[in-house]
Amino acid sequence: MPQITDPSFTIRIDALRKYVEICLLGLWDEVTAKRFDHELRRLLPALTKGGCPIGEQNTLFDSTGYAVQAQDVTTHLAGMAADRSIGSRRIAVLVSSTLSKLQTRRIAPGYGVFDDRAEAMTWLFEPDV
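Here, residues in each chain are numbered from 1, in the same order as that chain's written sequence. For this predicted model, a pLDDT threshold of at least 70 governs which residues receive local features, and a threshold of 80 or more governs which side-chain atom pairs are given and counted, while totals over whole chains, interfaces and linings are taken from all residues. The basis for every side-chain value is the complete set of non-hydrogen atoms in the structure, without hydrogens or water.

1. Comments concerning the overall build of the chain
For the record, the criterion: Only DSSP runs of H or I with at least four residues qualify as helices, and only runs of E with at least two residues qualify as strands; both kinds are numbered from the N terminus onward. Throughout this description, buried means an accessible area under 20% of the type-specific maximum (1.4 Å probe, protein chains only), exposed means over 50%, and partly exposed covers the range between. It only takes one pair of heavy atoms within 4.5 Å for two residues to be counted as in contact. Per-residue accessibility takes into account occlusion by the displayed protein chains alone, with areas from the Shrake-Rupley method and a 1.4 Å probe. For this count, His and the chain ends are skipped, Lys and Arg are scored as positive, and Asp and Glu as negative. The atom standing in for a charge is NZ when the residue is Lys, CZ when it is Arg, CG when it is Asp and CD when it is Glu.
Across its full length, the chain carries five helices and six strands. The order of α-helices and β-strands along the chain, N terminus first, is β-β-β-α-α-β-α-β-α-β-α. For the chain, the C-alpha atoms occupy an extent of roughly 35 × 30 × 25 Å along the three principal directions. Going through the 129 residues of the chain one by one, you find that 48% of them count as buried. Residue pairs at least 24 apart in sequence account for 70% of intrachain contacts in the chain once pairs closer than 6 positions are excluded. Carbon together with sulfur atoms contributes 57% to the accessible area of the chain, which is approximately 6800 Å² in total. Side-chain charges in the chain split into 15 positive and 16 negative, and the spacing between the mean points of these groups amounts to 3 Å.

2. As for the packing of aromatic side chains
Worth spelling out the cut-off: Classification of ring pairs uses Phe, Tyr and Trp, with its six-membered ring standing for Trp, and accepts pairs whose centres are within 6.5 Å; under 30 degrees between planes counts as stacked, over 60 as edge-to-face, and the remaining range as tilted.
This model, assessed by the stated rule, comprises seven aromatic pairs. Ring centres of tyrosine 19 and phenylalanine 125 lie 5.8 Å apart, and the angle between their planes is 40°; on these two criteria the pair is classed as tilted. Of this pair, tyrosine 19 sits in strand E3 (residues 19–26) while phenylalanine 125 sits in the segment after helix H5 (117–124), and the two are 106 residues apart along the sequence. In this structure tyrosine 19 comes out as buried when scored by relative accessible area, which is 5%. Ring geometry for phenylalanine 114 and tryptophan 123: centres 5.5 Å apart, planes at 50°, overall tilted. Given the relative accessible area of 13%, phenylalanine 114 is considered buried.

3. Some thoughts on the packing of helix H1 (residues 30–43) against helix H3 (residues 71–82)
Note the threshold: Fitted lines through C-alpha atoms serve as axes, helices being fitted only where they are in contact, and the angles separating the N-to-C directions of these axes extend from 0 to 180 degrees. Convention used here: angles under 35 degrees read as roughly parallel, angles over 145 as roughly antiparallel, angles from 65 to 115 as roughly perpendicular, and any remaining angle as oblique. If you view the pair so one helix is near and one far, a crossing is left-handed when the near helix is turned anticlockwise from the far one by less than a right angle, and right-handed when it is turned clockwise. Residues are sorted three ways: Asp, Glu, Lys and Arg are charged, Ala, Val, Leu, Ile, Met, Phe, Trp, Tyr, Cys and Pro are nonpolar, and all the rest, Gly among them, are polar.
H3 packs onto H1 with a crossing angle of 20° between their chain directions and a minimal axis gap of 8 Å. On the basis of their axis angle, the class for H1 and H3 is roughly parallel. Along this stretch, H1 crosses H3, giving a crossing that reads as right-handed. Of the residues in H3, those in contact with Glu30, Ala33, Lys34, Phe36, Asp37 and Leu40 of H1 are Asp72, Val73, His76, Leu77 and Met80. Its residues assigned to classes, the contact of H1 with H3 comprises six nonpolar, one polar and four charged.

4. Here we look at the nonpolar core
The following threshold applies: Throughout, nonpolar core names a set of buried Ala, Val, Leu, Ile, Met, Phe, Trp, Tyr and Cys residues whose side chains join them through atoms within 4.5 Å.
Grouped together as the largest cluster of nonpolar side chains are 30 residues, with contacts concentrated most on Ile11, Trp28 and Phe36. When contributions to this core are tallied by element, the ones reaching two or more residues are strand E2 (9–14), E3, H1, helix H2 (45–49), strand E4 (58–66), H3 and strand E5 (90–94). By residue number, the principal contributor to this core is H1, which donates four residues. With residues up to four places along the chain from it excluded, the contact list for phenylalanine 36 reads Phe9, Ile11, Ile22, Leu24, Trp28, Phe61, Leu77 and Met80. Formed by eight residues, the second largest nonpolar core is a distinct cluster that contains Tyr19, Ala92, Met121 and Leu124.

Below is the structure:
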């Protein structure tokens, strides 16, 4: 299972399950946001190599250890959220506070936002109707 571990984030790819798990940590600056963007784009092709076209995977962002971010970081992340070339079938964000939930909904309005991991995982893998 391809993985990147950084002090500010981890990215794990499970192509067989069509699943990406990302853990975000701490308070970022623009340099960290750009590093995350670069590393995610570098690792995502592992999905295709494992038989999952990019866009068919489900992604969980665990942001329970992630601070509410400054405007420059949220602007960068919003741009990533809108980029269909790195999009997912479904994206769930696990949050730990109301403020984080509000910021997530502003950055990525189409994402599912949850405070319970089991609910997020159930939602991610629900069949399309």
